[in-house]
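Chain by chain, the residues run as shown.
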Amino acid sequence: MPKIIIHAPEAAFDGHSRQGIANELTEFALECERLPKSPFVKSTVWIYFNTYDADCVFMGEERATTAIISAQIYVIKGGLDAEAKKTLINGATAIFGKYLKVEARIPVYIVIHEIEESNWGIFGNNANLAALRASAAGAPAI
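Residue indices begin from 1 for each chain and proceed along its sequence in written order. Residue-level local features of this predicted model are given only where pLDDT is at least 70; pairs of side-chain atoms are given and counted only at 80 or more, and the full residue set underlies all totals for whole chains, interfaces and linings. As a rule here, side-chain values cover all heavy atoms of the structure and leave hydrogens and water aside.

A separate point is the pairing of strand E1 (residues 3-9). Burial status follows relative accessibility: with a 1.4 Å probe on protein chains alone, a residue under 20% of its type maximum counts as buried, one over 50% as exposed, and anything between as partly exposed. The numbering of helices and of strands both runs from the N terminus, where a helix is a DSSP run of H or I of at least 4 residues and a strand a run of E of at least 2. Of all 7 residues making up E1, 6 are buried, and the element is well covered by its neighbours. As defined by bridge partners, E1 adjoins strand E2 (residues 46-52) across 7 bridges and the pair is classed as parallel. Its bridge partner lying in E2, Ile-5 is registered against Tyr-48. Note on pairing: two strands pair once DSSP finds at least 2 bridges between them. In terms of strand pairing, E1 meets strand E5 (residues 69-76) through 5 bridges, oriented antiparallel. Note on E5: the bridge partner recorded for Ile-4 is Ile-73.

And the structure:
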């Protein structure tokens, strides 16, 4: 049930692209975390797009000359092993590249934040990765 916050220059993605990225990232992140793709678990994945005017994105001290994307991915600690983290970084980068129409040297920075279950709250309770993994395949969305 990752939470993904994406920062991008305003012109990087239109509404259709944002929807496509959200669809693909949801599916891919659940695979990486080994979570079922039920309507319930999918509805626990939240993706936020923050867009910035061209004059608000810099590469060092200069205004950015390319669409640099950054994504912060919050996951429950223990949900991803080292190999799954590499897979998530590579796959998410490829998804962004597809919508940026860039194939080589895709300008994406990804940071994975691992949060202890005791520090992750949902609906007044602590998150429970094991319960999510064991949830019914047909469980309805939130």
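Next, the rest of the story.
Let us now look at helix H1 (residues 15-33). Its 19 residues give H1 an end-to-end C-alpha distance of 27 Å, which sits within 8% of 27 Å, the value for a rise of 1.5 Å per residue. Along H1, the residues that are buried comprise Ser-17, Gly-20, Ile-21, Ala-22, Leu-25, Thr-26, Phe-28, Ala-29, Leu-30, Cys-32 and Glu-33. Here the buried face of H1 lies against E1, helix H2 (39-42), E2, E5, helix H3 (82-100) and helix H4 (129-134). For H1, the N-terminal cap is Asp-14; the gap from its side-chain oxygen to the backbone nitrogen of His-16 is 3.2 Å. Of the residues flanking the end of H1, it is Arg-34, one or two places downstream, whose phi is positive at about 60°. Residue count minus one, scaled by 1.5 Å, sets the expected span of a helix. Whether two residues are in contact is decided by their heavy atoms, any of which lying within 4.5 Å being enough. Polar contact criterion, stated in full: a pair of N or O atoms within 3.5 Å, where within protein one must be able to donate a hydrogen and the other to accept it, and residues adjacent in sequence count only if both atoms are side-chain atoms.

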